[in-house]
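Listed below, chain by chain, are the residues.
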Amino acid sequence: MAVSNIGMPDQATWENLFDIKKVFATLKLNGRIQEVVEFGCGYGTFTISAAEIISGTIHAIDSDPEMIRVTSEAVKKHQLENVEVIQRDFVLSGSGMKNLSMDYVMLFNVLNAENQNALFKDAKRVLKKWGYIGVVIWNGDPETPGALEMEAAPSPEQCRIWARAVGLSFELKCELKPYFYGMLFVKGNTLKWKDRQI
Ligand SMILES: C[S@@+](CC[C@H](N)C(=O)[O-])C[C@H]1O[C@@H](n2cnc3c(N)ncnc32)[C@H](O)[C@@H]1O
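Computed from a prediction, not measured in an experiment: that's the story for all the values here.

Engineer: Which residues make up the overall build of the protein, and what are the values?
Structural biologist: Along its length, the protein carries seven helices and seven strands. Helices and strands in the protein line up, N terminus first, as α-α-β-α-β-α-β-α-β-α-β-α-β-β. Evaluated residue by residue, the protein yields a buried proportion of 52% over its 198 residues. Total accessible area on the protein stands at roughly 9,500 Å², and carbon and sulfur atoms take up 49% of it.

Here you go:
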C-alpha cells in the first residue's frame with residue numbers, strides 16, 4: 001500500500017530538484033549520526049549521500065522492486081558497505097527496525113497521502129532518545145518540474161499535529177527552495193534539553 005501518490009519524474013529530473021548538502025546540513029544529518037532508517041528510498045537520491053557522511057548504517061526501505069533495484073545498483077557503484085536495502089511495505093508491515101535502535105529517521109517525500117499517524121508512531125518507536133525525524137515535503141508549487149502528481153502537499157501545521165500526536169518535539173522548519181520545505185522533530189522533551197547527548 002503506497003503512502004505516496006507522487007508519480008515520480010525520471011531520476012535526473014527528480015535529483016535536480018534538491019540541494020542534498022543543504023538538505024542534510026539544515027536537517028542535521030551529519031557525521032555524528034550513526035544508525036539511520038529511510039522510509040521510501042526511491043532512486044536512492046538521499047541514501048547514497050547519507051551513507052557517505054554518517055558514521056553507521058543506513059537502512060533504506062522501499063516497496064517498489066524497481067526502486068530497490070536502482071538503489072541497490074547505486075550502492076554497488078559507490079562501493080558502499082553501510083547500506084542495507086530492504087524491500088518492504090512499511091504501511092502494511094511497519095519498518096521492521098528494533099525499538100530504540102535508530103539515531104535518525106528520514107521521512108523524505110513520503111508524507112503526502114495516508115497513514116501518517118502510523119508512520120510517525122513507528123518512526124518514534126524505532127528512535128533512540130533524542131533521535132531525530134527529518135521530514136521533506138513538497139511545497140505544492142504547480143511550476144515544479146517533472147509533473148508531480150500529489151493529491152496534496154501537507155502543510156507544516158499538519159505535520160506538527162502528526163508529530164505532536166505521538167509526543168515528538170518540534171525543532172525547526174526550513175525552506176528548501178524552490179519546491180520543498182523541511183522539518184525536524186526530536187524524540188524527547190526539549191524543555192529538558194540539557195540532558196541531550198547528540
Ligand atoms: C516520492 S518517492 C521519495 C523517495 C525518496 N525518499 C526521495 O525523497 O528521493 C516515495 C517512495 O516511497 C516508496 N513508498 C511509498 N509507499 C511505500 C510503502 N508503503 N512502503 C514502502 N515504500 C513505499 C515509493 O515506492 C517511492 O519510491
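Engineer: So, the nonpolar core: which residues are in play, and what are the values?
Structural biologist: Counting residues in each nonpolar core, the largest one holds 37 residues, and the members touching the most others are Leu27, Leu29, Tyr104 and Phe180. For this core, the secondary-structure elements that each account for two or more residues are helix H2 (20-26), helix H3 (47-53), helix H4 (65-77), strand S4 (102-108), strand S5 (127-138), strand S6 (169-176) and strand S7 (180-186). Of all hydrophobic cores here, the second largest spans 27 residues; its members include Phe120, Leu127, Ile133 and Val166.

Engineer: Could you give an account of the layout of surface pockets, naming the residues involved and the relevant values?
Structural biologist: Each pocket or cavity is described by its volume, and for the second largest pocket that value is around 160 Å³. Around the second largest pocket sit 13 residues that line it, and Gln11, Glu15, Tyr43, Ala74 and His78 are the ones nearest its centre. Among the elements of the structure, helix H1 (11-15), H3 and H4 are those that each provide at least two residues to the lining of the second largest pocket. In terms of residues, the lining of the second largest pocket owes the most to one element, H4, which gives four residues. Within the lining of the second largest pocket, the residues separate by chemical class into five nonpolar, five polar and three charged.

Engineer: Before we move on, can you summarise the packing of aromatic side chains with the specific residues and values?
Structural biologist: This model, assessed by the stated rule, comprises 11 aromatic pairs. Their ring planes at 50 degrees and their centres at 6.1 Å tell us that Phe24 and Phe46 sit as a pair that is tilted. Here Phe24, found in helix H2, pairs with Phe46, found in the loop between strand S1 (36-39) and H3; they are 22 residues apart in sequence, far enough to count as distant. The class of Phe24 is buried, set by a relative accessible area of 5%. A residue is classified by how much of its surface remains accessible, and Phe46, at 3% relative accessible area, is buried. With centroids separated by 5.0 Å and ring planes inclined at 90 degrees, the aromatic side chains of Phe46 and Phe108 adopt a geometry described as edge-to-face. Residue Phe46 is found in the loop between S1 and H3, and its partner Phe108 is found in strand S4; the two are separated by 62 residues along the sequence. Judged by its relative accessible area of 5%, Phe108 falls in the buried class. Joined through ring pairs, the aromatic side chains of Trp14, Phe18, Phe24, Phe46, Phe108 and Phe180 make up one cluster. The ring of Phe170 has Arg160 lying over it, and the distance from NZ or CZ to the ring centre is 3.7 Å.

Engineer: Can you explain the sheet that holds strand S3 (residues 83-87)? Please cite residues and give values.
Structural biologist: Here seven strands make up an open sheet; going across it, the order is S3-S2-S1-S4-S5-S7-S6 and the pairing mixed. Each edge of the open sheet carries a strand with a single partner, namely S3 and S6. With strand direction ignored, the average angle separating the axes of adjacent strands in the sheet is 15 degrees. By the bridge criterion, five bridges tie strand S2 (residues 58-62) to S3 in an arrangement that is parallel. Note that in S3 the partner of Asp62 across the bridge is Gln87. Taken strand by strand, helix H6 (residues 116-126) contacts S1, S4, S5 and S7, and its axis lies near 145 degrees from that of S5.

Thresholds, definitions, all that
- Residues numbered from 1 in each chain as written.
- Predicted model: local features only at pLDDT ≥ 70, side-chain atom pairs only at ≥ 80, totals over all residues.
- Heavy atoms only, no water.
- Helix = DSSP H or I, 4+ residues; strand = E, 2+ residues; numbered from the N terminus.
- Buried < 20%, exposed > 50% of the residue type's maximum accessible area, 1.4 Å probe, protein only.
- Areas by Shrake-Rupley, 256 points an atom, 1.4 Å probe, with all protein chains shown as cover.
- Core = buried A, V, L, I, M, F, W, Y, C linked by side-chain atoms within 4.5 Å.
- 1 Å grid on protein atoms, 1.4 Å probe; cavity = no way out; pocket = protein on both sides within 12 Å on 5 of 7 lines; lining within 4 Å.
- Points joined across faces, edges and corners; volume = space filled by probe spheres on them.
- Nonpolar A, V, L, I, M, F, W, Y, C, P; charged D, E, K, R; others polar.
- Phe/Tyr/Trp six-rings, centres within 6.5 Å; stacked < 30°, edge-to-face > 60°.
- Lys NZ or Arg CZ within 6 Å of the ring centre and 35° of its normal.
- Pairing = 2+ DSSP bridges.
- Axes fitted to C-alpha atoms, helices over the stretch in contact; angles between N-to-C directions.
- Contact = heavy atoms within 4.5 Å.

Note that all results are geometric; they support no functional claim without further evidence.
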